[in-house]
Amino acid sequence: MGTAYGLWKPRKAPSDDFTAGVVHRSVGNFGIVNCVCDPCGGARQAKEISGDDLETVILQLVLSGQERFTIDSKRFELMAGDIILWNTTRPMTFDVTEKLHKISVLMPLARLRNWLPGSWHLIDNKFARDSTTASLLCALIQSMAPQFLAGRLENSDALTDALMGTLVSTLGPPTSRGEFFERHQLIRIKRFIDTHLNNPDLSLQGIASAHQISLRHLHSLFQSEGQTALQYLISQRLLRCRRDLSNPAMTGRTITEIALGWGFQHPTHFSRRFKSEFGLTPYEFRHTSNAD
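Residues numbered from 1 in each chain as written. Predicted model: local features only at pLDDT ≥ 70, side-chain atom pairs only at ≥ 80, totals over all residues. Heavy atoms only, no water.

1. Looking at the nonpolar core
Buried together is how nonpolar side chains tend to be arranged in soluble globular proteins. Core analysis: the biggest nonpolar cluster contains 29 residues, and Phe30 and Leu163 have the highest contact counts within it. Secondary structure elements with two or more residues in this core: β3 (30–37), β5 (56–71), β7 (83–87), β8 (92–108), α3 (109–115), α4 (132–149) and α5 (156–169). At seven residues, α4 tops the list of elements feeding residues into this core. Core analysis: the next-biggest nonpolar cluster, separate from the first, contains 26 residues, Ala208, Ala229, Leu245 and Ala259 among them. (Core = buried A, V, L, I, M, F, W, Y, C linked by side-chain atoms within 4.5 Å. Buried < 20%, exposed > 50% of the residue type's maximum accessible area, 1.4 Å probe, protein only. Helix = DSSP H or I, 4+ residues; strand = E, 2+ residues; numbered from the N terminus.)

Next up, the structure:
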């Protein structure tokens, strides 16, 4: 997996009867992976991202099974016919929840930047199976993949442009200037939150004031994300705590110290939130993650 997708850390040990079949071929900076695998999971966080410094964009088509992605703080449930667009520069996790068959197309992220300068990072990640984007890309990927994997297609630049052109052509008219500004504003606010997570006094009013906007406008910016600003703040704190709890170098710190260090003020509240988010108590998660 590291060869195609960069560095990843397994999220849990696979079962004893785990099976997977992978066919991978690359020409230049273009590659296709046909993968069938049992349930498993992995995470690509800051350590892995800095470890290989890859800049690859991936179009992944699910042919059967189910998979859950988290990109930054956004969650995506994938089923047959769905397509997800992700890149190796962003923190993310995946969990295959049902035996999965997928085809992934790997291309240089720079080519997407060329097609959508200034807005490439604002496009949606998931394209549902009944969408125009998924329908067209699904047909193209399914016809292209076997020919490429069999060695019958060699022009990597042409293949990249065919996929990029199809993707971009289905995205509709360019984002209006107002929408473009608001999405950039949301990105700046998220970065501000991410750098102040360890401050227990960080509040929504403080976030709004720091960006010279009203609390109402702050809420409206997050509506397009399908979550509130408070939910984003809490989810990011939980993700940082989960990262530290799974880090063997952090075993000298208590669970309470880690929770307080990421801005939670009450250990009981943190434990309840953590279990609701990840299905395990902080203690259970730490014990499982650091087990030999």
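2. Regarding the pairing of β3
By the criterion of burial, β3 is predominantly enclosed, with six of the eight residues buried. The pairing of strand β2 (residues 20–27) with β3 spans eight bridges and is antiparallel. Opposite Val23, over in β3, you have Asn34 as the bridge partner. Here β2 folds back onto β3 in antiparallel fashion, the turn holding two residues, of which Gly28 has a positive phi close to 60 degrees. As paired strands, β3 and β8 are joined by seven bridges and run antiparallel to one another. Within the sheet, the bridge partner assigned to Val36 lies in β8 and is His101. (Pairing = 2+ DSSP bridges.)

3. Quick look at the packing of aromatic side chains
By convention here, two paired aromatic rings are described through the distance between centres and the angle between planes. The final tally for this structure, using the stated rule, is 11 aromatic pairs. Judged by centre distance (5.1 Å) and plane angle (55 degrees), the ring pair of Phe264 and Phe270 falls under tilted. Its relative accessible area of 2% is what places Phe270 among the buried residues. Among the aromatic residues, ring-to-ring pairing joins Tyr5, Trp8, Phe69, Trp86 and Phe94 into one connected group. When the ring centre of Trp120 is taken as origin, the NZ or CZ atom of Arg113, which lies over that ring, is 4.9 Å away. (Phe/Tyr/Trp six-rings, centres within 6.5 Å; stacked < 30°, edge-to-face > 60°. Lys NZ or Arg CZ within 6 Å of the ring centre and 35° of its normal.)

4. Considerations on the packing of α4 against α5
Direction vectors running N to C along α4 and α5 enclose 165 degrees, while the axes themselves pass 9 Å from each other. Classified by the angle their axes make, α4 and α5 are roughly antiparallel. Both α4 and α5 take part in a crossing whose hand is left-handed. In this structure, α4 contributes Thr133, Leu136, Leu137, Leu140, Ile141, Met144 and Phe148 to the contact, and α5 contributes Leu159, Ala162, Leu163, Thr166 and Leu167. Within the contact of α4 with α5, the residues separate by chemical class into 10 nonpolar, two polar and no charged. (Axes fitted to C-alpha atoms, helices over the stretch in contact; angles between N-to-C directions. Parallel < 35°, antiparallel > 145°, perpendicular 65-115°, else oblique. Left-handed = near helix turned anticlockwise from the far one by under 90°. Contact = heavy atoms within 4.5 Å. Nonpolar A, V, L, I, M, F, W, Y, C, P; charged D, E, K, R; others polar.)

5. As for the environment of Arg75
Within the fold, Arg75 resides in strand β6 (residues 74–78). On the accessibility criterion, Arg75 (47% relative accessible area) is partly exposed. For the pair Arg75 and Thr93, spaced 18 residues apart in sequence, the C-alpha separation works out to 9.4 Å. For Arg75, the residues in contact, after removing those within four places along its chain, are Phe69, Thr70 and Glu277.

6. Some words on the packing of helix α9 (residues 229–245) against helix α11 (residues 267–278)
Across the interface, α9 lies against α11 with an axial gap of 11 Å and an inter-helix angle of 90 degrees. In terms of axis orientation, α9 runs roughly perpendicular to α11. Together, Ile234, Ser235, Leu238, Leu239, Cys241, Arg242 and Leu245 of α9 and Phe270, Arg273, Phe274, Glu277 and Phe278 of α11 make up the contact between the two elements. Looking at the contact of α9 with α11 residue by residue, the class counts come to eight nonpolar, one polar and three charged.

7. Quick notes on the pattern of salt bridges
Taken as a whole and judged by the stated rule, the model has 12 salt bridges. Salt-bridge contacts for Lys126 lead to Asp82; the nearest nitrogen and oxygen are separated by 3.8 Å. Of this pair, Lys126 sits in strand β9 (residues 126–127) while Asp82 sits in the loop between β6 and β7, placing them 44 residues apart in sequence. Taking relative accessible area as the criterion, Asp82 reaches 1% and is therefore assigned buried. One salt bridge connects Asp82 with Arg129, and the closest N-O pair in it is separated by 3.7 Å. (Salt bridge = Lys/Arg side-chain N within 4 Å of Asp/Glu carboxyl O.)

8. Details of unusual backbone geometry
Backbone phi values are negative for most residues with the exception of glycine, while trans is the configuration of most peptide bonds. The phi dihedral of Gln212 is positive, around 55 degrees, even though this residue is not glycine. With respect to the element layout, Gln212 can be found in the loop between α7 (204–210) and α8 (215–223).

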